[in-house]
2 protein chains.
Amino acid sequence: MTNGPAPSLKTERTTLRRRPNKGVYDRDSIYAILDEAFVCHVGFVQEGQPFVIPTGYGRDGDTLYLHGSSASRMMRALAEEIPICVTVTLVDALVLARSVFNHSVNHRSVVVLGKAALVEGEEKMHGLTVLTNHIVPGRWDDVRPPTDLEMKATSLLKMRIDEASAKIRSGPPADDDEDYALPYWGGIVPVRTVTEPAVDDGRLLAGVELPSYLVDYSRIRPIEG
Amino acid sequence: MTNGPAPSLKTERTTLRRRPNKGVYDRDSIYAILDEAFVCHVGFVQEGQPFVIPTGYGRDGDTLYLHGSSASRMMRALAEEIPICVTVTLVDALVLARSVFNHSVNHRSVVVLGKAALVEGEEKMHGLTVLTNHIVPGRWDDVRPPTDLEMKATSLLKMRIDEASAKIRSGPPADDDEDYALPYWGGIVPVRTVTEPAVDDGRLLAGVELPSYLVDYSRIRPIEG
């Protein structure tokens, strides 16, 4: 990969089969989805049993950093650099067609395949910065940084984004032509993940105000519905 | 299981290791989470590679029905009754502590382990009804029902809920005692998945109005933040 990353992340394993027209393989589209969300689902295998664990993540260029401290089972498994799958899903709308068969969910999802490696040394602090600022931009410079002991108690994984696909479904329902003559309601119910105003914990020191990066905090990006 | 389901879904494989106090294993708590969400992440293994695919689901008693038509790769694999993991995650808040180490995400998640089986015959229509009404209660009776051909083109899986755990994190940040003396902001940013008013597709027949089950549609349940 000395000549830079491949322009497409499509491989035999990430090619959508059933609805190939919904498959998206360019980095820009995939990264836009990865950057809007902040919780992924990590799949790994132990003794033949798949496990799927939600965790926070951040992206730095073509690298995903995954937070691991909340799942020691996962960390033990992933430290061995076994194959994993990282999936990120944004739900945009319920799609109600006139036929039950054509019901759907507008969504944007990304599947990344690869192997995760434990991050150690200097890169670990960098990765935690990326992860923290991915979830709350600007937060890293406005907290007590981790101690050596805390760094040891934190696990961070990284994964190269080399093999991935996105799936995007948007727009109104697609009913069969003859079904538009039926007296059923058809359309969408938009779904949004929104944040409400920040609430302090009642233990702020005098003079501590709401940080500017929380005043307008939002993850919402323009979408089509 | 002729004497009814076990009261606890805890097994060696579903026992939380790192933070056992956050583990919840009773059906009521687990089902409340499963009933609020409608998209799950299904993990399965093919040739040693885990895949994690988002899909819609519904719950009927101790059975999960999983919609499969959007992932033929998944359906082909799961038709062989291989081990799967179904994970459902609700994100409730970003948790900003004074130390970066104690940052967290308030969430409620469920992991169900087991094997999925293809649903055929009479139960298939029942399962699709459960799944449809799980996402939009009342919708099944207000659409054109599936034809035989559409039923064949739809795949439905079922999975017994016999082995599962929930993980719940709520409340304010938990900073170290001495960190409350630091001049950093601490608190939460509530996160909500909300629905906006339904939008018809502009092709309704004259006289077709918004169905009553969409007027007050919401998935929000009271939570603690």
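In this report, we go over the structure that sits alongside the text. Predicted, not measured: the structure shown is a model, and the values here were computed from it.

Rules behind the numbers
- Residues numbered from 1 in each chain as written.
- Chains lettered and ligands numbered in written order.
- Predicted model: local features only at pLDDT ≥ 70, side-chain atom pairs only at ≥ 80, totals over all residues.
- Heavy atoms only, no water.
- Helix = DSSP H or I, 4+ residues; strand = E, 2+ residues; numbered from the N terminus.
- Buried < 20%, exposed > 50% of the residue type's maximum accessible area, 1.4 Å probe, protein only.
- Polar contact = N/O pair within 3.5 Å; in protein donor to acceptor, adjacent residues only side chain to side chain.
- Least-squares fit on C-alpha atoms with pLDDT ≥ 70 in both.
- Contact = heavy atoms within 4.5 Å.
- Core = buried A, V, L, I, M, F, W, Y, C linked by side-chain atoms within 4.5 Å.
- Buried area = accessible area lost by both parts, 1.4 Å probe.
- Salt bridge = Lys/Arg side-chain N within 4 Å of Asp/Glu carboxyl O.
- Nonpolar A, V, L, I, M, F, W, Y, C, P; charged D, E, K, R; others polar.
- Pairing = 2+ DSSP bridges.
- Expected span 1.5 Å × (residues − 1).
- Lys, Arg positive; Asp, Glu negative; His and termini not counted.

**Details of the side chain of A:Arg98**
So, point 1. Along the chain, A:Arg98 turns up in the loop between β5 (83–96) and β6 (104–115).
So, point 2. Exposure remark for A:Arg98: the relative accessible area of 0% places this residue in the buried category.
So, point 3. Engagement of the side chain of A:Arg98 in a polar contact is seen with the side chain of B:Asp201, the distance being 2.9 Å.
So, point 4. In this structure the side chain of A:Arg98 is engaged in a polar contact, spanning 3.1 Å, whose partner is the backbone oxygen of B:Arg203.

**Remarks on the relation of the copies chain B and chain A**
What connects the two chain copies is a rotation about an axis and a shift along it.
So, point 1. Once chain B is rotated about the relating axis by 180° and shifted along it by 0.0 Å, it coincides with chain A to within an RMSD of 0.0 Å. A rotation of that kind, with that shift, is consistent with a two-fold axis. When each C-alpha of chain B is compared by its distance to the rotation axis, B:Thr193 comes out closest, at 2.2 Å.
So, point 2. A shared interface surface links the copies, since 100% of the contact residues of chain B are contact residues in chain A too.

**Topic: the nonpolar core**
So, point 1. If you look at the biggest cluster of nonpolar residues, it comprises 68 residues, and the most contacted ones within it are A:Leu34, A:Ile84, A:Val86, B:Leu34, B:Ile84 and B:Val86.
So, point 2. Dropping the residues within four chain positions of it, A:Ile84 is found in contact with A:Val42, A:Gly43, A:Phe44, A:Leu66, A:Leu78, A:Val112, A:Leu113, A:Gly114, A:Ala116, A:Met159, B:Gln49 and B:Pro50.
So, point 3. Counting residues in hydrophobic clusters, the runner-up holds 25 residues, among them A:Trp185, B:Leu131, B:Ile135 and B:Leu156.

**Some thoughts on the environment of A:Leu157**
So, point 1. Note on placement: A:Leu157 falls in strand β8 (residues 156–160).
So, point 2. For the pair A:Leu157 and A:Leu78, spaced 79 residues apart in the sequence, the C-alpha separation amounts to 8.1 Å.

**A few points about the interface of chain B and chain A**
So, point 1. The interface of chain B with chain A comprises 90 residues on the first partner and 90 residues on the second.
So, point 2. Across the interface of chain B and chain A, roughly 7800 Å² is buried in total on both sides, 63% from carbon and sulfur atoms.
So, point 3. It is B:Val100, B:Arg144 and B:Trp185 in chain B that bury the most area against chain A; as a group they hold 10% of the surface buried on that side.
So, point 4. Inspection of the chain B/chain A interface yields eight salt bridges.
So, point 5. Joining chain B to chain A, the criterion identifies 33 residue pairs in polar contact (both at pLDDT 80 or more).
So, point 6. At nine residues, strand β9 (residues 187–195) of chain B tops the list of elements feeding residues into the side of chain B that touches chain A.
So, point 7. Across the side of chain B that touches chain A, the residue classes tally to 50 nonpolar, 20 polar and 20 charged.
So, point 8. Where strand β11 (residues 199–200) of chain A and β9(B) come together, two bridges link them in antiparallel fashion. Bridge pairing links A:Val199 to B:Ile188 in β9(B).

**A closer look at helix α3 (residues 122–135) of chain A**
So, point 1. With 14 residues, α3(A) should reach 20 Å at 1.5 Å per residue; the first-to-last C-alpha distance of 21 Å fits that figure.
So, point 2. Looking at the buried side of α3(A), the elements it contacts are α1 (27–36), β3 (49–60), β4 (63–67), α4 (148–153) and β8 of chain A together with β5 (83–96) of chain B.

**A word on the side chain of B:Arg219**
Residue and element names in this part refer to chain B.
So, point 1. Turning to its location among the elements, Arg-219 is positioned in the segment after α5 (212–215).
So, point 2. In this structure Arg-219 is buried but unpaired, with Glu-36 as the nearest side chain of opposite charge at 7.3 Å.
So, point 3. Among the polar contacts made by the side chain of Arg-219, one reaches the main-chain carbonyl oxygen of Glu-36 at a distance of 2.7 Å.
So, point 4. A polar atom in the side chain of Arg-219 sits 3.1 Å from the backbone oxygen of His-134.
So, point 5. Not counting residues up to four positions away in its chain, the partners in contact with Arg-219 are Asp-35, Glu-36, Ala-37, Phe-38, His-134 and Ile-135.

These results come straight from atomic positions and should not be treated as a statement about function.
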